[in-house]
Amino acid sequence: SKKLSNWGKWGKDDQIGTLNYVTPKDLVAASKLVKKGKAFSLGIPLDQNGPQTGLFGGRFNPIHQMLATGTDALAGRQDWNKIRYADDTLNLCVQGATHWDALGHIFYEDKAYNGHDAKLIDSRGLSVLGIEHSRNKMNGRGVLLDIARHRGVKWMQDGEGISNDELDQCAKAQNVEIRKGDFVIIRTGQMERCH
């Protein structure tokens, strides 16, 4: 609906959407929230046990292949100034790993974000709305809304919806306030269910 659309809000050449809300002031405020020096990964193992079911777009789990190994080195198949090596490759659908989707990955009828023609996203990639436009904007205050826990379930089932009201209720129950420029992460438990 036009009422909810951000198309044109930051000009016709905008390629980052609501990331325009992230300001240097927000980064400073977010840095002041750090209480513990604890880091944790949002990544998942890139192997044959990944989250793909093949039901959407023919996606498959990551395929790992060794190109050169220690046995190759021992067999004398690869000498370069007495330096030997192991090397490998990984073939995966980008949805099989932690990532951010660029604004050019979804269309409303024949248009991408901000009215860009869908034909500008072709087999060579995204000539508009690529993730590179967001590279220096993906920092700020993160807010985790644990919807699965809020519902009292281990995980949600595929296709279950989450309403705005439920997001607000979850935030209230977790005693957090969502602010402009925040990065909201929603836990559905899907990854645990897949594994």
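Residues numbered from 1 in each chain as written. Predicted model: local features only at pLDDT ≥ 70, side-chain atom pairs only at ≥ 80, totals over all residues. Heavy atoms only, no water.

Points about the overall build of the protein chain
Step number 1: Along the backbone of the protein chain there are 5 helices and 6 strands.
Step number 2: Against the compact-globule benchmark of 16 Å for 195 residues, the protein chain has a radius of gyration of 21 Å, which places it well outside the compact range.
Step number 3: Principal axes of the C-alpha set define a box for the protein chain whose edges measure 65 × 40 × 40 Å.
Step number 4: Counting the 195 residues in the protein chain, one finds 23% classified as buried.
Step number 5: Contacts in the protein chain between residues at least 24 apart in sequence constitute 64% of all its contacts with a sequence separation of at least 6. (Helix = DSSP H or I, 4+ residues; strand = E, 2+ residues; numbered from the N terminus. Rg over C-alpha atoms; globule rule 2.2 N^0.38 Å. Buried < 20%, exposed > 50% of the residue type's maximum accessible area, 1.4 Å probe, protein only. Contact = heavy atoms within 4.5 Å.)

As for the environment of Leu 19
Step number 1: As for its position among the elements, Leu 19 is in the segment before helix H1 (24-31).
Step number 2: Judged by its relative accessible area of 12%, Leu 19 falls in the buried class.
Step number 3: Leu 19 sits 118 residues away from Lys 137 along the chain, and the two C-alpha atoms are 6.3 Å apart.
Step number 4: In this view, Leu 19 contacts Ser 134, Lys 137, Met 138 and Phe 183; residues no more than four positions away in its chain are not counted.

Quick look at the packing of aromatic side chains
Step number 1: Going through the model one piece at a time under the given rule, you end up with 1 aromatic pair.
Step number 2: Ring centres 5.3 Å apart and planes at 85° place the aromatic pair Trp 10 and Tyr 21 in the edge-to-face group. You can see Trp 10 sitting in the segment before H1 and its partner Tyr 21 sitting in the segment before H1, a full 11 residues away along the chain.
Step number 3: On the accessibility criterion, Trp 10 (26% relative accessible area) is partly exposed. (Phe/Tyr/Trp six-rings, centres within 6.5 Å; stacked < 30°, edge-to-face > 60°.)

Some remarks on the nonpolar core
Step number 1: Val 143, Leu 145, Ile 147, Met 156, Leu 167, Cys 170 and Ala 171 together form the largest nonpolar core, which totals 7 residues.
Step number 2: Tallying contributions element by element places helix H4 (residues 164-173) first for this core, with 3 residues.
Step number 3: Ignoring any residue separated from it by four or fewer positions in sequence, one finds Met 156 in contact with Ile 147, Arg 151, Gly 161, Ile 162, Thr 188 and Arg 193.
Step number 4: Residues Ala 112, Tyr 113, Ile 121 and Val 128 belong to the second largest nonpolar core, which totals 5 residues. (Core = buried A, V, L, I, M, F, W, Y, C linked by side-chain atoms within 4.5 Å.)

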